[in-house]
Amino acid sequence: MRALVRETTLTASDFVLPAFVEEGVNRRTEIGSMPGVSRVSVDELVRDATEAYGLGVKGLALFPALDESLKDATGRESLNPDGLLQRAIRALKREVPELLVITDVALDPYSSDGHDGLVRDGRILNDETLPLLASMAVAQAEAGADVVAPSDMMDGRVEAIREALDDEGFTDVAICSYCAKYASSFYGPFREALDSAPKSGDKKTYQMDPANRREAVREIELDEAEGADWILIKPGLPYLDVVRLAREQTHLPVAVYQVSGEFAMLKAAFRNGWLDYEACLLETLTAFKRAGADIIFTYGAVDAARLLAR
Ligand code: PBG
């Protein structure tokens, strides 16, 4: 009876698995605050991706962990055709071609300032950052990315990226816009994983104030007009109202990102014997779908896919 009247059904094809890649061979470096999640070398990444795809997960969101020596003020390494991210994309498209490869467009993993945009005298230079982001997206598309996902929150970047992709012939590469991305404290474990925390200041001048909801509507309207293909809301659980708002505001697919801190909380409680990780993971993912999300980015994608296959 309950199955017949259930309103929301979760499937592995709802999930995108975020993955951290590092240099080396045969390497897995567990991230302290994210038990079960590691930075992995490209060969291990291919192994993880193959497993995820085999379980029905349809997409992988890639984040490179770069050596400090490769970081500079303009994030030049992001354009290197033989850079870590580019090699990871090519390996994935060669070995698991049907798995959607989603790449992050933002300066922070490449930036000596640890910010998503260019910094001068402590200020973020919105407009001067746009051509850099556009070139980064093209470099990712050249390596084989299927979807580029600007997470930088500069104004006008979706249009700049769309134009640059089209000019270079990448008309089929889609844009997943981190549209309502809040200046959240839940990103801590992610910044530990990539060693990408801002060297000074914070991200509050470009990421959104957690207190704002109407502003999310403005961001959705702008990104949609600029050519976004998907709209992403982030973090997830503390912003379910914004996911619902997005669902009602746009006909585009709505994605949600269950971020590192949310995942860390689940795992920490589980490790203490305070929560049932598997049940709580599936409950949170069901909540995202019930709120209106079509696509769910979660570090628990493989665990959840395995549970759903039981
Ligand atoms: C950076 C980026 C961040 C995340 C995804 N892309 C961190 C930040 O904005 O500082 C966070 C993801 C997570 O916490 O899981 N452009």
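So, here's what we can say about the structure.

Cut-off values and rules
Residues numbered from 1 in each chain as written. Predicted model: local features only at pLDDT ≥ 70, side-chain atom pairs only at ≥ 80, totals over all residues. Heavy atoms only, no water. Helix = DSSP H or I, 4+ residues; strand = E, 2+ residues; numbered from the N terminus. Axes fitted to C-alpha atoms, helices over the stretch in contact; angles between N-to-C directions. Left-handed = near helix turned anticlockwise from the far one by under 90°. Contact = heavy atoms within 4.5 Å. Near = heavy atom within 4 Å. Polar contact = N/O pair within 3.5 Å; in protein donor to acceptor, adjacent residues only side chain to side chain. Areas by Shrake-Rupley, 256 points an atom, 1.4 Å probe, with all protein chains shown as cover. Nonpolar A, V, L, I, M, F, W, Y, C, P; charged D, E, K, R; others polar. Patch = residues over 30% accessible without salt bridge, like charges linked within 9 Å, V, L, I, M, F, W, Y side chains within 5 Å. Salt bridge = Lys/Arg side-chain N within 4 Å of Asp/Glu carboxyl O. Lys, Arg positive; Asp, Glu negative; His and termini not counted. Charge placed at Lys NZ, Arg CZ, Asp CG, Glu CD.

Turning our attention to unusual backbone geometry. Cis geometry marks the peptide bond from Lys 234 to Pro 235; its omega dihedral reads -10 degrees. Its location among the elements puts Pro 235 in the loop between strand 10 (230-234) and helix 8 (240-249). Phi at Asn 26 takes a positive value of approximately 60 degrees, unusual for a residue other than glycine. Mapped onto the elements of the fold, Asn 26 is located in the loop between strand 1 (15-21) and strand 2 (28-30). Positive phi values are uncommon outside glycine, yet Asp 195 reaches one of about 50 degrees. In this structure, Asp 195 sits in the loop between helix 6 (188-194) and helix 7 (214-226).

This part covers the packing of helix 3 (residues 84-95) against helix 4 (residues 126-143). Relative to each other, helix 3 and helix 4 sit at 35 degrees, their axes nearing to 8 Å. In this structure, helix 3 crosses over helix 4, and the sense of that crossing is right-handed. Contacts between helix 3 and helix 4 involve Leu 85, Gln 86, Ile 89 and Arg 90 from the first element and Ala 139, Gln 140 and Ala 143 from the second.

Let's shift gears to the site of the ligand. What surrounds the ligand is a group of 17 residues, the closest being Ser 151, Arg 191, Lys 234, Ser 260 and Tyr 299. At 3.3 Å, a side-chain N or O of Asp 108 approaches a nitrogen atom of the ligand. Within the contact set of the ligand, a nitrogen atom lies 3.3 Å away from a side-chain nitrogen or oxygen of Lys 234. Isolated, the ligand exposes 410 Å² of accessible area, and the fraction of that covered by the protein chains is 100%. Of the residues belonging to the shell around the ligand, the class tally is seven nonpolar, three polar and seven charged.

Once that is clear, we can look at a negative patch on the surface. A surface patch of negative charge is lined by Glu 142, Glu 159, Glu 163, Asp 167 and Glu 168. Sort the elements by how many residues they give to the negative patch and helix 5 (residues 157-167) lands first, with three residues. By the element assignment, Glu 163 lies in helix 5.

Take it as geometry only, folks, not as evidence of what the structure does.
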